[in-house]
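What the coordinates show
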Amino acid sequence: MRPGRRIVSLSMLRRVPSILTSLRIAAIPVLVWLAVVRAPAAFAALMIACLVGDLVDGFLARVLDAASPLGALLDSIADALLFAVCALGAWRLHPEIVGAHRAAFVAIPAIWLGEYAAALLRYGRLSAFHTHLARVAAYVLGIVVGLLFIGAFQVWLLYVALGLAVISTSEELILLWILPTWRSDVRGLWWVLRERPA
């Protein structure tokens with residue numbers, strides 16, 4: 001294989017995470033429509049595809065060394081939009097479950113919306129810290145959402161997701177307070193504190 005072909009192939013592969021993020025953003029209006037017309041099977045299939053895409057794009061960005069501040073910001077925007085559509089879908093398609101666990105279903109979005117608002121006030125844009133804790137919280141919430149939309153909802157897992165949301169958002173609020181400028185992919189508070197001069 002000629003070197004030029006390998007470089008082109010690697011260059012093209014490095015675009016895959018951004019393409020997956022763009023596809024998640026493009027899926028948002030379709031998901032809104034599916035929630036409004038109450039099409040649970042189609043909504044579940046597309047939502048799960050978006051959640052898997054979120055896992056894959058982040059993994060590929062790290063493996064292919066394709067992570068960038070713009071990609072991290074786009075990923076955060078896609079996550080925020082997908083999160084809002086998840087809430088809409090849960091309310092439209094499973095009102096009985098949302099009603100039975102209203103406090104948790106209200107608290108999780110409120111916690112993350114609070115962090116989004118704080119980041120906008122602090123930096124003028126959404127944060128893209130992508131801490132390890134935030135990833136774990138998002139993965140657990142993704143499992144909760146996936147199970148909800150396929151009809152296998154687990155109450156205990158919802159409350160685990162709520163606890164993780166509180167812990168991870170607390171860490172991100174501290175990061176907002178101690179980091180004077182916007183940064184992406186900081187891993188967590190422990191790593192940021194280790195970088196600070198003694």
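In case you missed it, the structure is sitting above this.
In short, a report on the structure. Predicted model, so just to flag it, every value in this text is computed and none were measured.

Cut-offs and rules
Residues numbered from 1 in each chain as written. Predicted model: local features only at pLDDT ≥ 70, side-chain atom pairs only at ≥ 80, totals over all residues. Heavy atoms only, no water. Axes fitted to C-alpha atoms, helices over the stretch in contact; angles between N-to-C directions. Helix = DSSP H or I, 4+ residues; strand = E, 2+ residues; numbered from the N terminus. Parallel < 35°, antiparallel > 145°, perpendicular 65-115°, else oblique. Left-handed = near helix turned anticlockwise from the far one by under 90°. Nonpolar A, V, L, I, M, F, W, Y, C, P; charged D, E, K, R; others polar. Salt bridge = Lys/Arg side-chain N within 4 Å of Asp/Glu carboxyl O. Buried < 20%, exposed > 50% of the residue type's maximum accessible area, 1.4 Å probe, protein only. Contact = heavy atoms within 4.5 Å. Core = buried A, V, L, I, M, F, W, Y, C linked by side-chain atoms within 4.5 Å.

1. Brief notes about the packing of helix α6 (residues 102-123) against helix α8 (residues 155-178)
- As a packed pair, α6 and α8 sit with axes 10 Å apart at the nearest point and diverge in direction by 15 degrees. One element, α6, and the other, α8, form an angle in the roughly parallel class. The chirality of how α6 crosses α8 is left-handed.
- Counted by class, the contact of α6 with α8 contains 19 nonpolar, two polar and three charged residues.

2. A look at the pattern of salt bridges
- Within this structure, the stated rule accounts for five salt bridges.
- With a closest N to O distance of 3.3 Å, R24 and D54 form a salt bridge. Here R24, found in helix α2 (residues 16-36), pairs with D54, found in helix α3 (residues 40-63); they are 30 residues apart in sequence, far enough to count as distant.
- The class for R24 is buried, based on a relative accessible area of 2%.
- D57 is the partner of R24 in a salt bridge, and the nearest nitrogen-oxygen pair spans 3.0 Å.

3. Things to note about the packing of helix α7 (residues 132-149) against α8
- Look at α7 against α8: their axes get within 8 Å of each other, and the N-to-C directions meet at 155 degrees. The angle between α7 and α8 places the two elements in the roughly antiparallel class. The handedness of the crossing between α7 and α8 comes out as left-handed. On α8, the residues that touch L133, A134, V136, A137, V140, L141, I143, V144 and L147 of α7 are L157, L158, V160, A161, L164, A165, I167, S168, E171 and E172.
- Residues of the contact of α7 with α8, tallied by class, amount to 16 nonpolar, one polar and two charged.

4. Observations concerning the nonpolar core
- With 39 residues, the main nonpolar core has F43, M47, F105, I108, W112, L141 and F149 as its most contacted residues.
- Looking at this core, the elements that each hand over two or more residues are α2, α3, α4 (69-93), α5 (95-100), α6, α7 and α8.
- The residues contacting M47, other than those within four sequence positions of it, are L31, L82, V85, C86, V145 and F149.
- By size, the runner-up hydrophobic cluster in this structure holds 14 residues, among which are L73, L176, I178 and V186.

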